[in-house]
Amino acid sequence: MLDIKVVRENPTTVRENLAKRNNPELLSMFDELIGYDREWRRLFTESNTLRESRNRVTEEIAKLKKQGRDASAKIEEAAEIPQKIKNVELGMNRNREKMDHILMKLPNLLDDSVPFGLDDSGNVTIRSWGEPTRFAFKPKDHIDLALALDLIDMERAAKVAGARFYYLKKDLVRLNFALIIYGLDFMVDRGFVPFQPPYMMKKKVIEGAVALSDFEDTIYKIEEEDLFLLATAEHALLGLHTDEILEGKSMPLRYCGVSPCFRKEAGAHGRDTKGIFRVHQFEKVEQFTFCRPEDSTKEHELLIKNAEEFFQSLKLPYRVVNVCTGDLGAVAAKKYDLEVWLPGQEKYREAVSCSNCTSYQAVRSNVRYRDRLNDPTAYVHTLNSTLVATERALVAIMENYQGEDGHIEIPHLLIPYMAGLEIIKPPKRA
RNA sequence: GCCGGGAUACCCUAGCCUGGUAGGGGGCUGGCUUGCUAAGCCCGUGUCUCGAUAGGGACUCGGGGGUUCAAAUCCCCCUCCCGGCGCCA
């Protein structure tokens, strides 16, 4: 959410930035917001004046009573004021609600380095690492590989839970945990504090993190409770400091979260319907930073560098794209995607999403900082990035590490996490 | 789930019964004074808003309603914490 103070003080700058989103509706909403705010401030002053007069009369009544004198005239005078205040404040609240409604819908201000584009075809590749893996044979996709090795059961998962669910089996279960624990160690080595967060959260916490439209499309609700299943550890890590004032010298606060993620994937019908690439449930090691506003650009580069080094350590070829205006969500000011090479699809596919949310989440969640106790407070900046979403990494490992006979090698660094297992072999034929 | 006790500013605490400017201590900040392993005194300490400035005003006692000229205080609802009972992998 944009800070109403910033909007009030720099309306022209904010309006010009919103114009880059190529959505005229945003601009008319913005203009309405300015009008509501002006009216709100007028009413605020009015109610303030009324309260002042009430307080004054009330004090006089107290004084008269203390002296044992008759205060009935003053009480009569004061009796009319509360209704007037109520009326004015009713108008104030109406304006405030309209303002909040608009503020919750307006997207973050875009960073200047975000390229213009209408959709994901406008994303700009800024670097790539490794060459797309080539094979002397026709490589299989992860589904064929996993079914042949009996590592995934999709049919029974559909029976038990429906489409986009899966059973991992046998060594693939161990490989999944190997990735999680390796990812966790990788982050701890870099000084990130690990968290295993609550897997359910209150609505208010999620509202502090996401665009409202995400509720319907991605987030599962628990019936009869004010609880929602975690869509990413990002939300729970942000929630750690809701309504807090952080010490300036404690920042940057670098956290990592390990958790399952639950997503509805509404609106993704027909896309990636097979296998475990796009599913309702997956595990993820997530990076999250709270930092000073002036440090967030640098911090963004650090997070994407961590993700890149993780994929490099697994020798998985990838490229990094700078996500363009048309493909960027409401929350991020700038976003990098790391796309890993999938030989089975002969495509780079999104494996990591790394966002600088600047003060957008901090305003919504009310996370501020100050250097010294009596200093004024300011909103922090927040950033988040996947380190590894393990099911997508499993897809990448299976496809990039396959052999002609259908075996899958274990990436070197993961072997110790697999109790020494080096290769997943096809069952022997009789 | 049931019964009881709590939540006051950055921290601790008084005030609640009996409604009338939220008091004290610590910390921090700025200043003054003394002069040496430091001490004393004074201003300030959160949020919003009006104002060019100086400065003014409002709000803030876990959250939300209500009663009242006036609510930390009285009434209702909710959240969280502590203790006991129950249930429990």
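Figured I'd write up the structure that's included with this text. Here the structure is a predicted model, which is why all the values come from computation and not from measurement.

So, the overall build of chain A
Part 1 of the argument: A tally of regular secondary structure across chain A gives 14 helices and 17 strands.
Part 2 of the argument: Along the first, second and third principal axes, the C-alpha set of chain A runs to 110 × 45 × 40 Å.
Part 3 of the argument: Buried positions account for 49% of the 430 residues belonging to chain A.
Part 4 of the argument: Carbon and sulfur atoms make up 51% of the accessible area of chain A, which amounts to about 22,100 Å² in all.
Part 5 of the argument: Each charge class in chain A can be summarised by its mean position, and for the 62 positive and 67 negative side chains these summaries are 2 Å apart.

Some thoughts on the side chain of Lys335
Part 1 of the argument: With respect to the helices and strands, the residue Lys335 is situated in strand β11 (residues 334-342).
Part 2 of the argument: Although buried, Lys335 forms no salt bridge, and the nearest oppositely charged side chain, Asp337, lies 4.6 Å from it.

Things to note about the packing of helix α8 (residues 170-189) against helix α12 (residues 296-313)
Part 1 of the argument: Packing of α8 against α12 leaves a shortest axis separation of 11 Å and a crossing angle of 130 degrees. In this view, α8 runs oblique relative to α12, as classed from their interaxial angle. Between α8 and α12 lies a crossing whose hand is right-handed. Contact residues: Leu179, Tyr182, Gly183, Phe186 and Met187 in α8; Asn306, Glu309, Phe310 and Ser313 in α12.

Brief notes about helix α14 (residues 390-400)
Helical geometry: 3.6 residues make up each α-helical turn, so side chains three or four residues apart lie on a common side.
Part 1 of the argument: Of all 11 residues making up α14, 11 are buried, and the element is well covered by its neighbours.
Part 2 of the argument: For α14, the complete set of buried residues consists of Thr390, Glu391, Arg392, Ala393, Leu394, Val395, Ala396, Ile397, Met398, Glu399 and Asn400.

Thoughts on the sheet that holds strand β9 (residues 281-291)
Part 1 of the argument: Read from one edge of the open sheet, 8 strands run β1-β10-β11-β12-β15-β9-β8-β4, paired in mixed fashion. Every interior strand has two partners, whereas the edge strands, β1 (124-129) and β4 (193-195), have only one. In this sheet, neighbouring strand axes are inclined to one another by 25 degrees on average, regardless of whether the strands run parallel or antiparallel.
Part 2 of the argument: Bridging between β4 and strand β8 (residues 253-262) involves 3 bridges; their strand directions are parallel. Bridged to Phe195 within β8 is Gly257.
Part 3 of the argument: Those strands touched by α8 are β4, β8, β9 and β15 (381-389), and its axis lies near 10 degrees from that of β9.
Part 4 of the argument: On the sheet, α12 packs against β1, β8, β9, β10 (318-322), β11, β12 (347-356) and β15 and is oriented at approximately 5 degrees with respect to β15.

Brief notes about helix α2 (residues 11-19)
Part 1 of the argument: Burial in α2 covers these residues: Val14, Asn17 and Leu18. An end-on view of α2 places all buried positions within 100 degrees of arc, on one side of the element. The exposed set on the far side of α2, more than 90 degrees from its buried face, consists of Thr12 and Glu16.
Part 2 of the argument: Structurally, α2 contributes buried residues whose contacts are with α1 (4-9) and α3 (24-66).

Some details on the nonpolar core
Part 1 of the argument: Grouped together as the largest cluster of nonpolar side chains are 58 residues, with contacts concentrated most on Ile276, Phe310, Phe311 and Met398.
Part 2 of the argument: The dominant element in this core, judged by the number of residues it contributes, is α8, at 8 residues.
Part 3 of the argument: When residues no more than four places from it in sequence are discounted, the contact partners of Phe311 are Leu316, Tyr318, Leu338, Val340, Ala351, Val352 and Leu387.
Part 4 of the argument: Counting 24 residues, the second-largest nonpolar core is a separate cluster that includes Phe30, Leu43, Met99 and Met104.

Notes on unusual backbone geometry
Part 1 of the argument: Residue Met251 is joined to Pro252 through a cis peptide bond whose omega torsion reads 0 degrees.
Part 2 of the argument: Residue position: Pro252 is located in the loop between β7 (245-247) and β8.
Part 3 of the argument: The backbone of Lys170 shows a phi angle near 50 degrees, a positive value even though the residue is not glycine.
Part 4 of the argument: In this structure, Lys170 sits in helix α8.
Part 5 of the argument: Of note, Lys315 is a non-glycine position whose phi angle comes to about 55 degrees, a positive value.
Part 6 of the argument: Considering the arrangement of structural elements, one finds Lys315 in the loop between α12 and β10.

Reading guide: rules and limits
Residue numbering note: each chain is counted from 1, following its sequence as written. All chains are assigned letters beginning with A, and all ligands numbers beginning with 1, in the order in which they are written. Totals for whole chains, interfaces and linings use all residues, but because this is a predicted model, local features are given only for residues with pLDDT of at least 70 and pairs of side-chain atoms are given and counted only at 80 or more. Note that the side-chain values use all heavy atoms of the structure and ignore hydrogens as well as water. Secondary structure elements follow DSSP: runs of H or I no shorter than four residues count as helices, runs of E no shorter than two count as strands, and numbering proceeds from the N terminus. The rule is simple: take the accessible area with a 1.4 Å probe, protein chains only, and divide by the maximum for that residue type; under 20% is buried, over 50% is exposed, in between is partly exposed. Accessible surface area values rest on a Shrake-Rupley calculation with a 1.4 Å probe, where residue burial reflects the displayed protein chains alone. Under this rule, positive means Lys or Arg and negative means Asp or Glu; His and the chain ends count for nothing. Note on charges: their place is set at NZ of Lys, CZ of Arg, CG of Asp or CD of Glu. Whenever a carboxyl oxygen of Asp or Glu lies within 4 Å of a side-chain nitrogen of Lys or Arg, that contact is scored as a salt bridge. Axes here refer to lines fitted to C-alpha atoms; in helices the fit is confined to the stretch in contact. Angles between the N-to-C directions go from 0 to 180 degrees. By the definition adopted for this analysis, an angle is roughly parallel if under 35 degrees, roughly antiparallel if over 145, roughly perpendicular if from 65 to 115, and oblique otherwise. The hand of a helix crossing depends on one turn: near helix anticlockwise from the far one by less than a right angle means left-handed, and clockwise means right-handed. Contacts are residue-level and defined by heavy atoms, with any inter-residue pair within 4.5 Å sufficient. For two strands to be treated as a pair, DSSP must find no fewer than two bridges joining them. This arc describes the spread of directions from the helix axis toward the C-beta atoms. We define a nonpolar core as any set of buried Ala, Val, Leu, Ile, Met, Phe, Trp, Tyr and Cys residues linked to one another through side-chain atoms lying within 4.5 Å.

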